[in-house]
Amino acid sequence: MNYTDQIREIASRLLENGQVDMVMAWEKGAFDYQSLPYVARSLEDIDKMIFDDYCVHNLSTSLLRYRDSNEKIGIVVKGCDSRGLVRLLEDNQIKRERLYIIGVCCSGVMDPLQAMIANSGFSRIKDTSGLAAKCANCIQPNPVIYDELVGATQEARGPANRFEKVSEIENMSVEERRAFFEDVFSRCIRCYACRQACIACDCRTCIFEETRPQWVGRETSISDNMMYHMVRSMHMAGRCIDCGECERVCPVGIPLMLINRKLIKEVDHLYGPYEAGMVYIEGQKPPFSVYDEKDQDDFI
Amino acid sequence: MKYFKKGQIEKIIDRLAEKADVYVPMLRGQQSGFYSWKSYDENYDDLIFDLLNVYSPPKNIVLPQTEKMYSFDQQGQEIIIKPEEIPVEPNVIFGIRSCDVKAIEYLDEVFFTRTFVDEFYKARRDQVTIVANACYNPGTNCFCKSMGVNPLEPEAADVILREVENGYVWESKTEKGNILTKQIEDLLEEKEVELYEPNRFVRKVNYDGVAEKLKDLFDHPMWEKYSDPCQTCGICTYMCPTCYCFDVQVKNWGEEGYRFRCWDSCMYREYTQMAGGHNPREAATERFRNRFLHKLQFFNERYGTPLCTGCGRCVVACPAGVDIIRMIELIKGAEPSV
């Protein structure tokens with residue numbers, strides 16, 4: 001998958017006729033297997049812009065940096081990333097007219113982060129030529145919202161049941177489950193990369209940054225770590241777009257998508273059918289942003 | 001030369017573990033780091049002397065991510081303060097690379113010099129014996145040499161291991177090292193072996209003049225541009241073997257509680273949050289800039305060296321690919337703004 005020429009052409013046009021002030025895409029890093037988020041603000045910047053197999057990042061998250069400005073922004077999104085745009089629009093984080101969305105029909109991407117780790121002597125894994133782990137569960141390869149589309153429409157690659165691992169955990173005994181989660185959360189170093197990479201995390205001040213009062217302790221103890229992850233995951237309910245960025249960037253390999261998927265499943269079951277960010281309808285809100293007297297509450 | 005065969009390494013660690021807690025490089029599930037040999041589980045853990053380095057740096061051995069300082073209990077008019085006892089078991093960091101040894105030297109500077117000795121750090125550091133593993137084969141993102149580190153001669157090491165064909169040369173450098181040598185004497189043999197020629201570095205950067213130049217670049221527009229991809233997570237600082245910033249916090253229930261310190265990161269907004277509500281580094285760009293200025297300018301002004309040992313971890317681990325080597329080059333090439 002290489003759409004560099006198409007992306008450059010569109011970006012040049014948009015910048016030239018003043019339709020946008022900047023275009024968010026990617027550039028190459030120091031290695032072939034490294035593509036990095038990149039913002040082009042002038043025609044001179046276009047030469048660096050690329051789109052290839054390593055454009056794994058969900059750029060929609062970066063829009064939050066510009067939510068208070070007036071610049072018009074061109075942005076390149078894959079299928080999963082485009083669902084993030086829907087979420088931002090639903091949450092009134094950015095106005096639709098400020099965006100020019102260049103959608104890419106995605107045949108799956110590779111993970112520069114895994115390639116970096118493998119090639120730098122920090123891992124025994126040497127072969128990173130396969131698709132990124134997050135792409136294995138892809139349900140939306142084609143953009144759900146766009147102004148211009150690049151590439152041919154793709155079939156979803158996801159497995160028949162992306163909740164298989166979730167069911168496995170559900171079938172554990174309480175003790176087994178507790179042991180499992182204690183093990184994975186005890187690794188957490190609280191770098192907050194999962195939060196920073198997340199499109200659902202669009203709060204201006206995160207609860208974990210509150211100091212008056214401080215809601216969650218800063219110790220890397222099992223209880224504070226569990227509290228962090230419990231609060232984080234509950235906030236994902238009805239908001240996670242299954243882009244897998246949190247799990248991808250976690251430096252200690254916490255299976256965050258497993259937890260997020262449990263919530264996707266629950267929200268779909270209790271308030272659905274619902275899957276976050278699959279379609280943009282002006283004024284539509286996700287289940288946890290509205291109050292409805294008919295909402296289920298028998299579990300309270 | 002003192003020498004032992006590769007197959008002997010676990011025996012040597014076992015022997016050292018009789019008198020100390022020995023930290024060794026391991027793969028543990030999806031993580032890698034220095035973990036206590038006592039916790040080694042052969043079904044789960046994998047010793048990785050054959051890999052370049054561990055992903056999580058060993059700084060937590062001398063500067064734990066969370067560390068209790070004292071506890072308190074108010075009884076009526078009395079407040080009883082109980083200092084925390086710092087565990088003082090002797091320990092050995094076995095197989096640490098030059099970049100990470102140099103990082104401990106920088107932590108020593110921070111916590112021991114300039115009029116203040118940090119007693120928590122000292123209690124742990126005094127108990128550490130460093131058995132370094134000389135680096136003959138730098139990794140793709142290693143640039144320690146560019147940052148003034150000698151991959152073959154880690155200065156603060158008590159013992160230097162040198163990988164040779166089928167074995168290791170054991171080279172004691174200090175009195176602490178000699179004590180370990182005595183302990184394992186019968187496992188070492190005298191043998192003349194040929195040392196490897198060190199491989200060349202893939203990546204290099206010239207730090208000369210960067211600290212000076214940065215003085216004029218504080219308001220440069222480049223920070224805005226280059227911080228664009230940064231997501232302001234704390235990976236680069238927590239994975240860094242030299243980043244030492246910590247916060248002091250408290251936990252209490254009613255009348256009792258304890259005070260602790262924990263790693264903090266200049267990438268977080270909360271890091272510079274002031275009591276009155278003002279935050280001097282509110283914007284992501286400002287935090288991004290501070291990280292590089294601290295590493296490449298401020299630390300150099302105070303201690304005469306950059307706060308980077310070229311281990312390459314931040315370069316590898318950054319989800320957005322922010323690369324300190326590239327940043328140094330960009331700084332060198334920047335035109336001071338008017």
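Keep in mind the model is a prediction, meaning the values are calculated, not measured.

1. Notes on the domain arrangement of chain A
All names here are of chain A.
- According to the domain assignment, chain A contains domain 1 (4–150) and domain 2 (164–275).
- Using only C-alpha atoms to locate each centre, domain 1 and domain 2 end up separated by 24 Å.
- Taken together, the contacts link 21 residues of domain 1 with 21 residues of domain 2.
- Linking domain 1 to domain 2 there are 4 salt bridges.
- The salt bridge involving Lys134 is made with Glu245; its shortest N-O contact spans 2.8 Å.
- For the interface between domain 1 and domain 2, the tally reads 8 residue pairs in polar contact (both at pLDDT 80 or more).
- Counting residues per element, the side of domain 1 that touches domain 2 draws most heavily on helix α2 (residues 79–90), at 6 residues.
- Across the side of domain 1 that touches domain 2, the residue classes tally to 6 nonpolar, 7 polar and 8 charged.

2. Things to note about the sheet that holds strand β5 (residues 66–75) of chain B
All names here are of chain B.
- Taken together, 4 strands build an open sheet; the order of strands is β6-β5-β13-β12 and the sheet is antiparallel. Strands at the two margins of the open sheet, each flanked by one partner only, are β6 (78–83) and β12 (246–253). Averaged over all adjacent pairs, the angle separating strand axes in this sheet is 20 degrees, with direction ignored.
- Pairing geometry for β5 and strand β13 (residues 256–263), over 7 bridges, is antiparallel. Opposite Lys68, over in β13, you have Phe260 as the bridge partner.

3. Here we look at the environment of Pro280 of chain B
Residues and elements named next belong to chain B.
- Mapped onto the fold, Pro280 is located in the loop between β13 and α8 (284–303).
- C-alpha of Pro280 to C-alpha of Arg15: the two residues are 265 residues apart in sequence and 52 Å apart in space.
- Ignoring sequence-local partners within four residues, the contact set of Pro280 consists of Thr272, Met274 and Glu286.

4. Some points on the pattern of salt bridges
- By the definition in use, this model includes 54 salt bridges over all chains.
- Linking Asp52 of chain A and Lys28 of chain A is a salt bridge whose minimum nitrogen-to-oxygen distance equals 2.7 Å. With Asp52 of chain A in the loop between β3 (49–50) and β4 (73–77) and Lys28 of chain A in strand β1 (residues 22–28), this pair connects stretches of sequence that are 24 residues apart.
- Here Glu190 of chain B makes a salt bridge to Lys2 of chain B, at a shortest N to O gap of 3.3 Å. Here the residue Glu190 of chain B occupies a position in strand β11 (residues 189–190), and Lys2 of chain B occupies one in strand β1 (residues 2–5), the gap between them amounting to 188 residues.

5. Thoughts on the interface of chain A and chain B
- The interface is formed by 48 residues belonging to chain A together with 57 residues belonging to chain B.
- Carbon and sulfur atoms supply 47% of the area buried between chain A and chain B, which totals about 4,300 Å² over both sides.
- Looking only at chain A, the three residues that lose the most surface to chain B are Phe122, Arg124 and Arg218 of chain A, adding up to 20% of its buried area.
- Linking chain A to chain B there are 9 salt bridges.
- A salt bridge links Arg326 of chain B to Glu27 of chain A; the nearest nitrogen and oxygen atoms lie 3.5 Å apart.
- Seen at the junction of chain A and chain B, the total is 29 residue pairs in polar contact (both at pLDDT 80 or more).
- For the side of chain A that touches chain B, the elements supplying multiple residues, two or more each, are β2 (35–40), α3 (112–119), α6 (193–196) and α8 (245–249) of chain A.

6. Section: the side chain of Ser32 of chain B
- Residue placement: Ser32 of chain B occurs in strand β3 (residues 31–36).
- With a relative accessible area of 3%, Ser32 of chain B lands in the buried category.
- Apart from residues no more than four positions distant in its own chain, Ser32 of chain B is found in contact with Phe122 of chain A together with Met26, Leu27, Ile48, Val54, Tyr55 and Ser56 of chain B.

Reading the values: the criteria
Position labels on residues start from 1 in each chain and follow its written sequence. Think of it this way: whatever chain is written first is A, whatever ligand is written first is 1, and the rest follow in order. Local features are withheld for residues below a pLDDT of 70 in this predicted model, meaning they are given only at 70 or higher, and side-chain atom pairs are given and counted only at 80 or more; totals for whole chains, interfaces and linings count all residues. Hydrogens and water are ignored here; the side-chain numbers use all heavy atoms of the structure. Domain delimitation follows an automatic or database domain assignment. Residue contacts are defined here by distance: any two heavy atoms, one from each residue, within 4.5 Å place the two residues in contact. Any Lys or Arg side-chain nitrogen located within 4 Å of an Asp or Glu carboxyl oxygen qualifies as a salt bridge. Two N or O atoms count as a polar contact when they lie within 3.5 Å, although within protein this holds only if one can serve as hydrogen donor and the other as acceptor, and sequence-adjacent residues are included solely when both atoms are side-chain atoms. The secondary structure listing takes helices from DSSP runs of H or I that are at least 4 residues long and strands from runs of E that are at least 2 residues long, numbered from the N terminus. All amino acids are sorted into three groups, where Ala, Val, Leu, Ile, Met, Phe, Trp, Tyr, Cys and Pro are nonpolar, Asp, Glu, Lys and Arg are charged, and the leftover types, Gly among them, are polar. If DSSP finds at least two bridges between two strands, the strands pair. Between N-to-C directions, angles span 0 to 180 degrees; the directions come from axes that are lines fitted to C-alpha atoms, helices contributing only their stretch in contact. Note on terms: buried area is the combined drop in 1.4 Å-probe accessible area of two parts once they are placed together, counting the loss on both. The buried label applies to any residue whose accessible area, calculated with a 1.4 Å probe on protein chains only, is under 20% of its type's maximum; exposed applies above 50%, and partly exposed to all values in between.

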